[in-house]
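# Structure assessment
Okay, here's what each chain looks like letter by letter:
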Amino acid sequence: MDAPTRRTRFEERVRVEREFLLPVNMRFGAEIPLAGMTADAIESWRRRAATAGIGVDVERAAALLREASARAELLADNSRDVFEADRCTGPDGMAELRRMLVEMFAN
């Protein structure tokens, strides 16, 4: 894979991750911001949100965020296609995860 392709995949991953950060931080960013889409950042947010009584199913939200993060990583890393073909993710799968997250935080 050449450098421009790697850069494009990285940029796409960042774009996708930002799409998932946005609904969380639009609603809770002032009090309980989600700093990133790494496992550690999601876990930190989950712990803080669980004790804050934010009126959202925090465990479900964290699970959606972890799944989105894993899928974004797979989108950026084609070498895993051979080993994790069953986890191959298309744009529709990411869109559905985002829709579920947006719906959860809209209520």
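Residues numbered from 1 in each chain as written. Predicted model: local features only at pLDDT ≥ 70, side-chain atom pairs only at ≥ 80, totals over all residues. Heavy atoms only, no water.

### Some thoughts on the overall build of the protein chain
Along the backbone of the protein chain there are 5 helices and 0 strands. Expressed as a percentage of contacts within the protein chain between residues at least 6 apart in sequence, the contacts between residues at least 24 apart total 54%. Carbon and sulfur atoms form 53% of the exposed surface of the protein chain, whose accessible area is close to 6,500 Å². (Helix = DSSP H or I, 4+ residues; strand = E, 2+ residues; numbered from the N terminus. Contact = heavy atoms within 4.5 Å. Areas by Shrake-Rupley, 256 points an atom, 1.4 Å probe, with all protein chains shown as cover.)

### Focus: the side chain of S69
Within the secondary structure, S69 is located in helix α3 (residues 58–76). Residue classification places S69 among the buried residues on the basis of a relative accessible area of 10%. Among residues more than four places away in sequence, those in contact with S69 are M37 and I42. (Buried < 20%, exposed > 50% of the residue type's maximum accessible area, 1.4 Å probe, protein only.)

### With respect to the confidence of the model for the protein chain
For the protein chain, the mean per-residue pLDDT works out to 82, and 76% of the residues sit at or above 70. Here helix α4 (residues 80–83) stands out as the element of the protein chain with the lowest mean pLDDT, 46, in contrast to helix α2 (residues 39–52), whose mean of 95 is the highest. Confidence drops under pLDDT 50 across residues 80–84; counting only partners more than four residues distant or on other chains, this segment forms 4 contacts. (pLDDT = per-residue confidence, 0-100.)

### What to know about α2
Its 14 residues place the ends of α2 20 Å apart at the C-alpha level, agreeing with the 20 Å of an ideal helix rising 1.5 Å per residue. Residues A41, I42, W45, R46 and A49 constitute the buried set of α2. Looking straight down α2, one finds that the buried residues subtend no more than 135° of arc, so they occupy a single side. Exposed side of α2, more than 90 degrees from the buried face: A39, D40 and T51 are the residues found there. After α2 finishes, the residue G53 shows a positive phi value of roughly 60°. (Expected span 1.5 Å × (residues − 1). Arc of directions from axis to C-beta.)

### Structural notes on the environment of D57
The topology assignment puts D57 in the loop between α2 and α3. The spatial distance from the C-alpha of D57 to the C-alpha of F105 is 9.4 Å, given a sequence separation of 48 residues.

### As for the pattern of salt bridges
Taken as a whole, this structure holds 8 salt bridges when the rule is applied. With its nearest N and O atoms 2.9 Å apart, the salt bridge here joins E59 to R46. Here E59 is found in helix α3, whereas its partner R46 is found in helix α2, with 13 residues between them in sequence. For R46, a relative accessible area of 17% translates into the label buried. Ionic pairing is found between R99 and E103, a salt bridge with its closest N-O pair at 3.0 Å. You can see R99 and its partner E103 sitting in helix α5 (residues 91–106), 4 residues apart, about one turn around the helix. Here the salt bridges do not stand alone but share partners, grouping E43, R46, R47 and E59 into one network. (Salt bridge = Lys/Arg side-chain N within 4 Å of Asp/Glu carboxyl O.)

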